[in-house]
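Tertiary structure, described
The lines below spell out each chain.
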Amino acid sequence: MPNLLIVSENDLFKQDLVLQINKYALEFNIIDENSVADIVIIDEKVEQISSFAKKYSHCPIFVFLKKGIESPKEKDLIKYIQKPLSLNKLINDIAAGKDTDIKV
């Protein structure tokens, strides 16, 4: 079961996302920052992407962007997703991410 780390300063959004993933994507284990992540979701911390990319270089990173914010060029294992987002599309994306052949 892949470990999924969700990083967000918006506690309500994070709680809702965790509830939705726990209900509709049982194949993921939601973890805290003290555990080893297989997939990372970052909510709106675009200015900190490079530090997250270094820390989690071994796994896919999904970054949520506010509506109207232009997506930076995707590179390596970083994928940008515009809000509002589709839970079904997100689950499909992270499911595809867990199968990514990662070369460290």
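The structure contained in this document is the topic of the report that follows. Remember, it's a predicted structure, so these values are computed and weren't measured experimentally.

The biggest cluster of nonpolar side chains holds 16 residues, and the ones touching the most others in it are Leu4, Ile21, Phe28, Ile41 and Ile94. Mapped by element, the contributors of at least two residues to this core are strand S1 (3-7), helix H1 (11-24), strand S3 (39-43), strand S4 (61-65) and helix H3 (87-98). Ranked by the residues each element gives to this core, the list is headed by H3, at 4 residues. In contact with leucine 4, not counting residues within four places along its chain, are Ile21, Phe28, Asn29, Ile30, Ile31, Ile39, Ile41 and Ile94. If you look at the next biggest cluster of nonpolar residues, it comprises 15 residues, including Val7, Ala37, Ile42 and Ile61.

In this section: H1. With 14 residues, H1 extends 20 Å between its outermost C-alpha atoms, agreeing within 8% with the 20 Å of an ideal straight helix rising 1.5 Å per residue. What H1 keeps buried is the set Leu17, Val18 and Ile21. Buried residues of H1, viewed axially, fall in a sector of 100°; they line one side. Every exposed residue of H1 that faces more than 90 degrees away from the buried side is listed here: Leu12, Leu19 and Lys23. The opening residue of H1, the one whose side-chain oxygen lies 3.2 Å from the backbone nitrogen of leucine 12, is asparagine 10.

Across the sheet, 5 strands lie side by side as S2-S1-S3-S4-S5; this open sheet has parallel pairing. Looking at the sheet topology across the chains shown, the edges are occupied by strand S2 (29-31) and strand S5 (78-82). Pairs of neighbouring strands in the sheet enclose a mean axial angle of 25°, with direction left out of account. Bridge count for S1 against S2 is 3 bridges, and the pairing is parallel. Its bridge partner lying in S2, leucine 4 is registered against isoleucine 30.

Conventions we followed
Residues numbered from 1 in each chain as written. Predicted model: local features only at pLDDT ≥ 70, side-chain atom pairs only at ≥ 80, totals over all residues. Heavy atoms only, no water. Core = buried A, V, L, I, M, F, W, Y, C linked by side-chain atoms within 4.5 Å. Buried < 20%, exposed > 50% of the residue type's maximum accessible area, 1.4 Å probe, protein only. Helix = DSSP H or I, 4+ residues; strand = E, 2+ residues; numbered from the N terminus. Contact = heavy atoms within 4.5 Å. Expected span 1.5 Å × (residues − 1). Arc of directions from axis to C-beta. Polar contact = N/O pair within 3.5 Å; in protein donor to acceptor, adjacent residues only side chain to side chain. Pairing = 2+ DSSP bridges. Axes fitted to C-alpha atoms, helices over the stretch in contact; angles between N-to-C directions.

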